[in-house]
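Descriptive structure summary
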Amino acid sequence: MSKIKLAIYLSAGCAGCEMALVDLSEKLIDALENIEIVWWTPTVVDLKYKDLENLEDKSIDVALVDGAVRLSEQEHVIKILRQKTKVLVAFGACAAMGGVPGLANFHKREELLETAYINTWSTDNPDGVLPQTEYDVNGSKLTLPEFYGEVKALHQVVDVDYFIGGCPPHHDHVAVAVEAIIKGELPPKGSWITSGKSVCDSCRRNPAQKGEIRKPIEKVRRTIEGTPDEECLLQQGYLCLGPVTQGDCGGSCPQVNIPCRGCGGPVAGKDFGARAVGALASLMTDEAVDEMLEKIPSLGKFLYRYSLPVSLINRKK
Ligand code: SF4
Ligand code: SF4
Ligand code: SF4
């Protein structure tokens, strides 16, 4: 059997998803018997546009793209990658939903640039110079990618075949996905590669595992308030989003006293925040709702930590 030709591209992300691939360690080495990595840029090899452009169309079997789309260069590379690739996978929360970089959509482009290049206390920029797409240096024109006004998820730019959640995806889940790719046992196009279970399903704190019914939330606690006991975090007032989040991480955050924040993506439906509000509202007393609004002033950022670009509210106009 010929090896599967794999490309990996880091777009607007932190390379944490690629660390999850490397974290497969021996499993990755085993997988390399069946996989040939033909393009891993820019994290591993500094390949150029022409290296990708010169490949035949559809000559790459699978491409994993991690990171959202923020710059014109990223959009350019992803569009060529789509042309060269049979199966394109949005790998991790940023590519699948916009991720943490997508929270920038709560602010206008001008606000972001002013904060980054003018207003931070460590910035020394007396002339208030902002990034330019073109700059003349002694008669030579230098060009830089355009910083777009909004962050987009991968499928908002090109056709995407599969989605994998997580920030980063849990390495066990990556192993399952890589195996599915090697065996060609993939779900229907457009699906998430997922167990389909929620974080609560795999959480040892789930009251259902003891045959108990979840108690209403009467008090809201921020994570800095007290040390949780062994019961369900949500029941104790820590706003855990496990009920509406895909649990391919195996519930790794609640296992170590951290409430789930939704990086796995929504269990079903499109708008993660709307689903989370529905789940919380059905469990909270009126007093707890008031307390939540008081303790979490930026509820939008809390609910859409990983998914703002693909949400209904989407961006600041
Ligand atoms: S999903 Fe998380 S780990 Fe992956 S690139 Fe985005 S921020 Fe980094
Ligand atoms: S709400 Fe959170 S802590 Fe409670 S069972 Fe679900 S994942 Fe576990
Ligand atoms: S528990 Fe939630 S936030 Fe934590 S890794 Fe799993 S899906 Fe992501």
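Residues numbered from 1 in each chain as written. Chains lettered and ligands numbered in written order. Predicted model: local features only at pLDDT ≥ 70, side-chain atom pairs only at ≥ 80, totals over all residues. Heavy atoms only, no water.

If you check the shell around ligand 1, you find Gly-13, Cys-14, Gly-16, Cys-17, Ala-93, Cys-94, Gly-166, Cys-167 and Pro-168 and nothing else. Elements represented by at least two residues in the shell around ligand 1 include exactly helix H1 (16–22) and helix H5 (93–97). When the residues that make up the shell around ligand 1 are grouped by side-chain class, the tally is 6 nonpolar, 3 polar and no charged. (Near = heavy atom within 4 Å. Helix = DSSP H or I, 4+ residues; strand = E, 2+ residues; numbered from the N terminus. Nonpolar A, V, L, I, M, F, W, Y, C, P; charged D, E, K, R; others polar.)

Right, let's talk about the pattern of salt bridges for a bit. Once the charged atoms of two side chains with opposite charge are near each other, the side chains can pair. Applying the stated criterion across every chain yields a total of 15 salt bridges. Among the salt bridges present, the one from Lys-219 reaches Glu-291, with a minimum N-O distance of 2.9 Å. Residue Lys-219 is found in the loop between helix H7 (171–183) and helix H8 (252–255), and its partner Glu-291 is found in helix H10 (residues 286–295); the two are separated by 72 residues along the sequence. Overlapping salt bridges, with partners in common, bring together Arg-82, Asp-159, Asp-161 and Lys-189 in one network. (Salt bridge = Lys/Arg side-chain N within 4 Å of Asp/Glu carboxyl O.)

On to the packing of aromatic side chains. The full count for this structure, using the stated rule, is 2 aromatic pairs. Look at Phe-163 and Trp-192: their rings are 5.7 Å apart centre to centre, the planes differ by 25 degrees, and that puts the pair in the stacked class. Taken together, the residues span a long stretch of sequence, with Phe-163 in strand E9 (residues 162–164) and Trp-192 in the loop between H7 and H8 at a distance of 29 residues. Judged by relative accessible area, which is 9%, Phe-163 ranks as buried. (Phe/Tyr/Trp six-rings, centres within 6.5 Å; stacked < 30°, edge-to-face > 60°. Buried < 20%, exposed > 50% of the residue type's maximum accessible area, 1.4 Å probe, protein only.)

This part takes up the confidence of the model for the protein chain. Considering every residue of the protein chain, the mean pLDDT works out to 93; 99% of them sit at 70 or more. Here helix H2 (residues 26–31) stands out as the element of the protein chain with the lowest mean pLDDT, 86, in contrast to H5, whose mean of 98 is the highest. (pLDDT = per-residue confidence, 0-100.)

A contiguous patch of negative charge, built from Glu-218, Asp-286, Glu-287, Asp-290 and Glu-294, is present on the exposed surface. Here Asp-290 is to be found in helix H10. (Patch = residues over 30% accessible without salt bridge, like charges linked within 9 Å, V, L, I, M, F, W, Y side chains within 5 Å. Areas by Shrake-Rupley, 256 points an atom, 1.4 Å probe, with all protein chains shown as cover. Lys, Arg positive; Asp, Glu negative; His and termini not counted. Charge placed at Lys NZ, Arg CZ, Asp CG, Glu CD.)

Here the focus is the sheet that holds strand E3 (residues 60–66). Taken in spatial order, the 5 strands of this open sheet run E2-E1-E3-E5-E9, and their pairing is parallel. Of all strands in the sheet, those bounded by a partner on one side alone are strand E2 (35–41) and E9. Strand-to-strand, the axes of this sheet are offset by a mean angle of 25 degrees, without reference to chain direction. Looking at chain direction, strand E5 (residues 85–91) and E9 are connected through 3 bridges and run parallel. In the strand pairing of E9, Ala-90 is matched with Phe-163. Docked against the sheet, helix H4 (residues 72–84) engages strand E1 (4–10), E2, E3 and E5, running at close to 135 degrees with respect to E5. (Pairing = 2+ DSSP bridges. Axes fitted to C-alpha atoms, helices over the stretch in contact; angles between N-to-C directions. Contact = heavy atoms within 4.5 Å.)

All right, on to the nonpolar core then. Core analysis: the biggest nonpolar cluster contains 26 residues, and Leu-234, Leu-239, Leu-280, Met-284 and Met-292 have the highest contact counts within it. At the level of secondary structure, the elements contributing two or more residues to this core comprise helix H9 (272–283), H10 and helix H11 (299–303). Looking at this core element by element, the count peaks at 5 residues for H9. Other than its neighbours up to four places away in sequence, Leu-234 contacts Arg-214, Ile-217, Leu-239, Cys-240, Pro-243, Leu-280 and Leu-283. (Core = buried A, V, L, I, M, F, W, Y, C linked by side-chain atoms within 4.5 Å.)

For the rest of this paragraph, the subject is the domain arrangement of the protein chain. Entries for the protein chain in the domain assignment read domain 1 (4–101 + 148–183) and domain 2 (199–310). Here the C-alpha centroids of domain 1 and domain 2 sit 29 Å apart. The interface is formed by 16 residues belonging to domain 1 together with 14 residues belonging to domain 2. Both sides together, the interface formed by domain 1 and domain 2 hides about 990 Å², and carbon and sulfur atoms give 66% of it. Among the residues domain 1 hides against domain 2, the three largest losses belong to Met-97, His-170 and His-173. Together they make up 49% of the total. At the boundary of domain 1 and domain 2, one finds 0 salt bridges. Between domain 1 and domain 2 we count 3 residue pairs in polar contact (both at pLDDT 80 or more) in total. Counting only elements with at least two residues in the side of domain 1 that touches domain 2, the list comes to H5 and strand E8 (147–152). Here the side of domain 1 that touches domain 2 is built from residues that sort into 7 nonpolar, 8 polar and 1 charged. (Domains from an automatic or database assignment. Buried area = accessible area lost by both parts, 1.4 Å probe. Polar contact = N/O pair within 3.5 Å; in protein donor to acceptor, adjacent residues only side chain to side chain.)

A negative phi holds for most residues other than glycine; trans holds for most peptide bonds. Between Thr-41 and the following residue, Pro-42, the backbone shows a cis peptide bond with an omega angle of -5 degrees. With respect to the secondary-structure elements, Pro-42 resides in the loop between E2 and helix H3 (49–53). Cis rather than trans, the peptide bond between Cys-167 and Pro-168 has omega equal to -5 degrees. The residue Pro-168 is located in the loop between E9 and H7 in this model. The backbone of Lys-58 shows a phi angle near 60 degrees, a positive value even though the residue is not glycine. Along the chain, Lys-58 turns up in the loop between H3 and E3.

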